[in-house]
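The lines below spell out each chain.
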Amino acid sequence: MAHEINNPLGIIAQGAQNITRRILGDLPANHKAAENRNLRLEDVHEYMNDRNIPKIINGITSAVDRAGRIVRNMLSFSRKNQDNFREHVLSDLLDRTVDLANNEYDLSTKYDFKKIEIIREYDSDIPMVCCEGSEIQQVFLNLLKNSAQSMNAKVYGSGGPKFVLRAYEREGWVNIEIEDNGQGVDQTVRKRIFEPFYTTKKVGEGTGLGLAISYFIIADLHKGNMEVYSSPGNWTKFVISLPLTQSEESGVIPKG
Ligand SMILES: Nc1ncnc2c1ncn2[C@@H]1O[C@H](COP(=O)(O)OP(=O)(O)O)[C@@H](O)[C@H]1O
Ligand SMILES: [Mg+2]
């Protein structure tokens, strides 16, 4: 998937560079094209500056850099040997991520966790699974943030924003469910939701990478599954399933 992201990123970066050269550069061809239109290139430059075009192009370039860094992180992670895979109770990882989100909310003003009611429906004896804890927490954080953003943008008639978090084991898989009662996603969005760069948010509020990276972490790195269910206008539920490894199947780790 990294290549699918890198190719369009390259085109965007190169495009931004060409636009800069052809509009803002002092090239003979630029002067000539301007003259052909009875314009002075200096006037064109001034117009561009007045309209903040260089700043906008810089914004594109730095966003591409940022996305490139994310992709490189992903690549370096998938190349790493699996040293950081350890046994974890997924519901504990989820609880730690909720704590993290609670303390982080003021960094990103678009959501406020403290207002959100949290209901936990965890089975009591959830077996451990072997996983990269920090990557799994990254996935949970992406999901919690999306949910919080969606709930934040919704006007509630009765009741208020609410998470239902579930953890249970079924047939060799440990499942985590994160359900919110936010805006929901319709079928069009649901079909594309895991695509890199797919976002319905305004520029600056979303990159469309959160779920693509989450899917990569779950499906590619952990051989797990990730699915989304929704009733538009009412709720959205993400289900993450990680396989139990053989060593865990022998012993069930009691919780609490
Ligand atoms: N819990 C949710 N409720 C409603 N819509 C969601 C939810 N999670 C994801 N989405 C939709 O999926 C899109 C892609 O999500 P994501 O990959 O995290 O990118 P981003 O959050 O940057 O837009 C979002 O723009 C939003 O439209
Ligand atoms: Mg997101």
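Quick note: structure is the one above.
Keep in mind that this is a model prediction, so the values were computed, not measured.

*Asks:* What should I look at first to understand the pattern of salt bridges in this one?
*Replies:* Close approach of charged atoms allows side chains with opposite charge to pair. Applying the stated criterion to the full structure yields eight salt bridges. For Asp-43, the salt bridge is made with Arg-40, and the minimal N-O distance between the two is 3.1 Å. For Arg-40, a relative accessible area of 47% gives the class partly exposed. In this structure, the salt-bridge partner of Arg-166 is Glu-177, at a minimum N-O distance of 2.9 Å. With Arg-166 in strand S4 (residues 162-170) and Glu-177 in strand S5 (residues 173-180), the pair connects residues that are eleven residues apart, well separated along the chain. One network of salt bridges, with partners in common, ties together Glu-121, Arg-166, Glu-177, Glu-179 and Lys-237.

*Asks:* Explanation requested: the packing of aromatic side chains in the structure shown.
*Replies:* In this description, a pair of aromatic rings is defined by centroid distance and the angle of the planes. According to the stated counting rule, one finds three aromatic pairs in the structure shown. Seen in terms of ring centroids, Phe-113 and Phe-163 are 5.9 Å apart; in terms of plane orientation they differ by 20°. Their pairing is stacked. With Phe-113 in the loop between helix H5 (90-104) and strand S2 (117-122) and Phe-163 in strand S4, this pair connects stretches of sequence that are 50 residues apart. There is no split in this pair, since Phe-113 and Phe-163 are both buried. Ring centres of Phe-194 and Phe-238 lie 6.4 Å apart, and the angle between their planes is 80°; on these two criteria the pair is classed as edge-to-face. Linking Phe-194 in the loop between helix H7 (187-192) and helix H8 (210-222) with Phe-238 in strand S7 (residues 235-243), this pair joins segments that are 44 residues apart in sequence. For Phe-238, a relative accessible area of 4% puts it in the buried group. Taken together, the aromatic side chains of Phe-194, Tyr-215 and Phe-238 make up a single cluster linked through ring pairs.

Conventions adopted
- Residues numbered from 1 in each chain as written.
- Chains lettered and ligands numbered in written order.
- Predicted model: local features only at pLDDT ≥ 70, side-chain atom pairs only at ≥ 80, totals over all residues.
- Heavy atoms only, no water.
- Salt bridge = Lys/Arg side-chain N within 4 Å of Asp/Glu carboxyl O.
- Buried < 20%, exposed > 50% of the residue type's maximum accessible area, 1.4 Å probe, protein only.
- Helix = DSSP H or I, 4+ residues; strand = E, 2+ residues; numbered from the N terminus.
- Phe/Tyr/Trp six-rings, centres within 6.5 Å; stacked < 30°, edge-to-face > 60°.

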